[in-house]
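Notes for the structure review
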Amino acid sequence: MKPIYLDYAATTPVDLRVITAMMQCLGVDGVFGNPASSHFYGQEAVQKVDMARQQVASLINAESREIVWTSGATESNNLAIQGVANFYQNRGKHIITMKTEHKAVLDVCRFLEKRGFEVSYLAPNKDGLLELEGLKKALRPDTLLVSIMYVNNETGVIQPIEQIAEIVKANGSFLHVDAAQALGKLPINLQKLAVDLMSFSAHKIYGPKGVGALFVRRRPVVRLQALIHGGGHENGLRSGTLATHQLVGMGEACAILQENMSKEVAYIQRLKDSFWQKIQHLSGVGRNSDIAHAACHILNVYFPGIDSDLLMKALPQLAMSAGSACTSLVVEPSHVLQAMGISDALAHSSLRFSFGRYTTQADIDLASDLLSDACKKFV
Ligand SMILES: *Cc1c(COP(=O)(O)O)cnc(C)c1O
């Protein structure tokens, strides 16, 4: 038997409805044409791509023409941050972000520092939240861009993006938001939310890996310098033959969420609450994020005195994550927990459990029993 999957924040399986839609865009009897071709096969593919773009736009209340296809949230973050930095560098060379961002934002900022940009890395408060007063103080006349994630991938902490947007726009700076963990968990309305650029990934929402999108506001327009040149696809912002099956997969994943999101969020929240209820009696256990500010699917907990890697090894029946998946090759305490002021010792005894569409109450019951037994063996 395979372990119980409790790592939906790392990736999700592809929904069967998504797989079906994708398969129709691959074979000789399907819509396999190049969307850049003017003949029947190409135009058939264009229709599929247009529909997928509409499905993504619709879920976030944006316009179709504001969606740029990418290979995932990593590329979206790169295109947004480097794209603005390169296009507008004469306006100012200061960027603000947070210490708790995903590496796909932090590493881009580090790269830009080597290219003459200055970056302020703001620390969160102990709940993982950005302090708005701190943001106001950090903003300068030459602040070109602010990049703040919506939902943290390790802790589930939700940033107050609406208020952040007000402050950033009042300063005349651009705002980019990495929303890879927010899509499908929080309602996103870009007609109302004054965000200029927003990154998304399909494989966090039951779509395929290797595809994502960047929302680029058209009113008022945000210009970007492309990262990938060759052919002028996506209005010159991202060249390369459009991967019809991938885009259709992301579109279908969004359409499913458009129908079911509120029910699904309530279901996942119930599972998470139930899991916490069943493990909270364990000795010394605590949550690394305030439940009031966390998304439905992520629970990050510490087990004092227990090394999380050893705990994971003692629990081969469960699949969860110590730190974030992207950094777990390196044995360093999570930079997110560190920035929140959590001690290295507690960070090294923390695990991230994340739940999703295919998690059942039976999974929760069994997983919490196994976890309780394993913890008792350590103390
Ligand atoms: C998963 C994730 C990414 C990276 O997305 P890819 O599509 O895998 O490149 C970026 N940011 C956050 C917050 C994520 O959770």
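Residues numbered from 1 in each chain as written. Predicted model: local features only at pLDDT ≥ 70, side-chain atom pairs only at ≥ 80, totals over all residues. Heavy atoms only, no water.

**Here we look at the packing of aromatic side chains**
The way to describe two aromatic rings as a pair is by their centre distance and the angle between their planes. Tallied over the full model, the rule gives nine aromatic pairs. Arranged with centres 5.1 Å apart and planes meeting at 70°, the rings of Y5 and Y8 form a pair that is edge-to-face. Residue classification places Y5 among the partly exposed positions, given a relative accessible area of 29%. The buried category is assigned to Y8, whose relative accessible area is 5%. Through a chain of ring-to-ring contacts, three or more aromatic side chains come together here, namely Y5, Y8, Y206 and Y358. Here the basic side chain of R110 rests over the ring of Y121, its NZ or CZ set 4.5 Å away from the ring centre. Lying over the aromatic face of Y206, R357 brings its terminal NZ or CZ to 3.9 Å of the ring centre. (Phe/Tyr/Trp six-rings, centres within 6.5 Å; stacked < 30°, edge-to-face > 60°. Buried < 20%, exposed > 50% of the residue type's maximum accessible area, 1.4 Å probe, protein only. Lys NZ or Arg CZ within 6 Å of the ring centre and 35° of its normal.)

**A word on the sheet that holds strand β7 (residues 197-201)**
Taking strand neighbours across the sheet as the criterion, the seven strands line up as β2-β8-β7-β6-β5-β3-β4 in an open arrangement whose pairing is mixed. Looking at the sheet topology across the chains shown, the edges are occupied by β2 (67-70) and β4 (118-122). In this sheet, adjacent strand axes meet at a mean angle of 20° when their direction is disregarded. Pairing geometry for strand β3 (residues 94-98) and β4, over five bridges, is parallel. Counterpart to I96 in the pairing with β4 is S120. Sitting on the sheet, helix α3 (residues 73-87) is in contact with β2, β5 (143-147), β6 (174-178), β7 and β8 (212-216), with an inclination near 160° to β7. (Pairing = 2+ DSSP bridges. Helix = DSSP H or I, 4+ residues; strand = E, 2+ residues; numbered from the N terminus. Axes fitted to C-alpha atoms, helices over the stretch in contact; angles between N-to-C directions. Contact = heavy atoms within 4.5 Å.)

**Details of the domain arrangement of the protein**
For the protein, the assigned domains read domain 1 (4-11 + 261-378) and domain 2 (16-256). For domain 1 and domain 2, the distance between their C-alpha centres works out to 27 Å. Domain 1 puts 30 residues into the contact, and the matching count from domain 2 is 32 residues. Approximately 2600 Å² of surface area, both sides summed, lies buried where domain 1 meets domain 2, with 59% of it carried by carbon and sulfur atoms. Along the contact surface separating domain 1 from domain 2 lie zero salt bridges. In this structure, the connection of domain 1 to domain 2 is made through 12 residue pairs in polar contact (both at pLDDT 80 or more). Broken down by secondary-structure element, the contributors of at least two residues to the side of domain 1 that touches domain 2 are α7 (244-279), β10 (298-302) and α9 (335-339). Sorting elements by how many residues they give to the side of domain 1 that touches domain 2 places α9 first, with four residues. Here the residues of the side of domain 1 that touches domain 2 are counted per class, giving 15 nonpolar, 11 polar and four charged. (Domains from an automatic or database assignment. Buried area = accessible area lost by both parts, 1.4 Å probe. Salt bridge = Lys/Arg side-chain N within 4 Å of Asp/Glu carboxyl O. Polar contact = N/O pair within 3.5 Å; in protein donor to acceptor, adjacent residues only side chain to side chain. Nonpolar A, V, L, I, M, F, W, Y, C, P; charged D, E, K, R; others polar.)

**Focus: the pairing of β5**
Most of β5 sits inside the fold, with five of its five residues counted as buried. Pairing geometry for β5 and β6, over three bridges, is parallel. Along β6, the bridge assignment pairs S147 with H176. The parallel pair β5 and β6 is bridged by helix α6 (residues 161-170), and the resulting crossover is right-handed. (Right-handed = clockwise from strand over helix to strand, strands pointing away.)

**So, the site of the ligand**
Contacts to the ligand come from G72, A73, T74, H102, M149, N153, D178, A180, Q181, S201, H203 and K204. T74 is positioned with one of its side-chain polar atoms (N or O) 2.6 Å from an oxygen atom of the ligand. With respect to the ligand, the side chain of H203 contributes an N or O atom lying 2.8 Å from an oxygen atom. When the ligand sits alone it has 380 Å² of accessible area, and the protein chains cover 88% of it. The residue makeup of the shell around the ligand, split by class, is three nonpolar, seven polar and two charged. (Near = heavy atom within 4 Å. Areas by Shrake-Rupley, 256 points an atom, 1.4 Å probe, with all protein chains shown as cover.)

**With respect to helix α11 (residues 361-378)**
One full turn of an α-helix is made of 3.6 residues, so residues set three or four places apart face in the same direction. Given a rise of 1.5 Å per residue, 18 residues ought to cover 26 Å, and the 26 Å separating the end C-alpha atoms of α11 matches this to within 8%. Of the residues making up α11, those classed as buried are I364, A367, S368, L370, L371, S372, A374 and C375. Contacts from the buried residues of α11 go to β1 (4-5), α7, α8 (308-313), β11 (318-319) and β12 (350-354). (Expected span 1.5 Å × (residues − 1).)

**Side note on unusual backbone geometry**
Cis geometry marks the peptide bond from R219 to P220; its omega dihedral reads -5°. Tracing the chain through its elements places P220 in the loop between β8 and α7. Notably, Y206 is not glycine yet its phi reads approximately 70°, a positive angle. Along the chain, Y206 falls in the loop between β7 and β8.

**Some words on the sheet that holds strand β9 (residues 286-287)**
The three strands lie next to each other as β9-β10-β12, forming an open sheet whose pairing is antiparallel. Strands with a single pairing partner mark the edges of an open sheet, and in this sheet they are β9 and β12. By the bridge criterion, five bridges tie β10 to β12 in an arrangement that is antiparallel. Bridged to I298 within β12 is S354. Strand contacts of α7: β9, β10 and β12, with the helix running at about 15° to β10, the strand carrying the most contacts.

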